[in-house]
Each structure stands twice: as structure tokens, then as C-alpha cells.
Amino acid sequence: AQSVTQPDIHITVSEGASLELRCNYSYGATPYLFWYVQSPGQGLQLLLKYFSGDTLVQGIKGFEAEFKRSQSSFNLRKPSVHWSDAAEYFCAVAPITNAGKSTFGDGTTLTVKP
Amino acid sequence: EAGVTQSPTHLIKTRGQQATLRCSPISGHTSVYWYQQALGLGLQFLLWYDEGEERNRGNFPPRFSGRQFPNYSSELNVNALELEDSALYLCASSPGTTQETQYFGPGTRLLVL
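Here the structure is a predicted model, which means the values were calculated and not measured. (Residues numbered from 1 in each chain as written. Chains lettered and ligands numbered in written order. Predicted model: local features only at pLDDT ≥ 70, side-chain atom pairs only at ≥ 80, totals over all residues. Heavy atoms only, no water.)

Further remarks concern the interface of chain A and chain B. On the side of chain B, 19 residues touch chain A, which itself brings 22 residues to the contact. At the boundary of chain A with chain B, total buried surface from both sides reaches about 1600 Å², with 53% on carbon and sulfur atoms. There are zero salt bridges connecting chain A and chain B. Across the chain A-chain B interface, the total number found is three residue pairs in polar contact (both at pLDDT 80 or more). (Contact = heavy atoms within 4.5 Å. Buried area = accessible area lost by both parts, 1.4 Å probe. Salt bridge = Lys/Arg side-chain N within 4 Å of Asp/Glu carboxyl O. Polar contact = N/O pair within 3.5 Å; in protein donor to acceptor, adjacent residues only side chain to side chain.)

If you want it as C-alpha cells, here you go:
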């Protein structure tokens, strides 16, 4: 069975500092990988996704993520965090062969200090 | 292009009642997914509908059910409500079974008293 682990429940960074949110997955083959962001009381917004090809994926709002097959990781990064980035971030994995079986991590809450 | 819409935005019920939540997918999307996000917990997959059929179901009791209509909109029904059913219920849609990107609606917040 597939699974997703986001090791950090809560991360605090200063505005302007760099950010890395960790995501590790367990799956027998290369899955589809996603990062979503959820602002308080809102639904989820897709930040970026990896299906195949270049392992460094660019997303919206200046985010990027790197797929590392050897480490089963798909970490999210941003070089300079803005106060508006404070939110909860979810990593998700879906098998290539079976749509609808997406599995989400438990999320990482990002706090941005002024 | 309109995104995924959900109604109502908030719903207050008492224990034992039934709740009906509605979702309209993005135009052209045939798959609809339902998730439960209880306070402090991650997203728990509930149901997946595609082309009017239930394709997959999460680990929830049978009192959680739903359907998808010919226009691809969907309803989630929760019978015999329990206090722990209080949560944000998110609906997502995707173009079909070969497209994995799910686009989420704003959710319906259900409070069971």
C-alpha cells in the first residue's frame, strides 16, 4: 500500500528565509506526486505536481520540488518565504495505474515570523 | 472557468440526523472525490465517483454514501450523524481516470451537536 510521510508537523521560519518541507513516500513504483497548500478554512490549492521527466518541478507562488527516486522523497522548497505563505502544506501520492487512490500526508503547518 | 463548487458552506446538525453535501465539478471533469478533514487530522479519502459509478471507497462506515448525477455533480450523504463526523468535507474533481491532478472546492464545514 502506498503511504506518505511528512515528518515535520510544524515549521516556523522568518520572512525572507528559505524553506524546505519534507515529504517521503512509500510505493512500489514511481507514482504521481503532488504538493497542495491549504489556507485556514479553505480548500486545497495545487502548488505543483510531478508525473515524469525533469525531477525538479516548478510550481506557482515561487515554489519548487525535487523528486529523488533513491530517497523516495519529494521535498518542497522556496528560496524566500513571504508572510502570505503561512498555511498548511500537504504532500500527496497517486499511483500511475489507478486514479482516485491518492494518499495525502498529514500536513505541515508553516508559520512565518516577521 | 469556474472551479469546483460546494454547498452549503456550513451545516449544523444534531446527532442522529442526516446531512447532505453537494459538489459541482469543474466543467468537463467526470471524476469527483470526497474527503473528510477532521480537526487536527489529515485528509481522509471517503469516496470516488467517475461516470456515475462508485469507483473506490475509503475506510468509512456504510452510513457515509453518495452518488454522482448524469451532469457529474455529486452528493455526499451522512446518515445517523455522530459527534465525530464534525469536519471539513472537501470535494475534488479531475478530468477522468487517467488524469491524477485533483482540483479542490472550498469545502463544507459540518458541525454535529
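Next comes the rest of the description.
A few words on the packing of aromatic side chains. On inspection of all chains with the given rule, the structure shows 15 aromatic pairs over all chains. For the pair A:Y36 and B:F104, a centre-to-centre distance of 5.2 Å together with 80° between the ring planes defines the contact as edge-to-face. Placement of A:Y36 in strand β5 (residues 32-38) and of B:F104 in strand β10 (residues 103-104) is noted, with the two residues assigned to different chains. When its relative accessible area of 1% is taken as the criterion, A:Y36 is described as buried. For B:F104, a relative accessible area of 11% puts it in the buried group. Each residue in the set A:Y32, A:F34, A:Y36, A:F51, A:F104, B:Y35, B:F45 and B:F104 is aromatic and connected to the rest through ring pairs, giving one cluster. (Phe/Tyr/Trp six-rings, centres within 6.5 Å; stacked < 30°, edge-to-face > 60°. Helix = DSSP H or I, 4+ residues; strand = E, 2+ residues; numbered from the N terminus. Buried < 20%, exposed > 50% of the residue type's maximum accessible area, 1.4 Å probe, protein only.)

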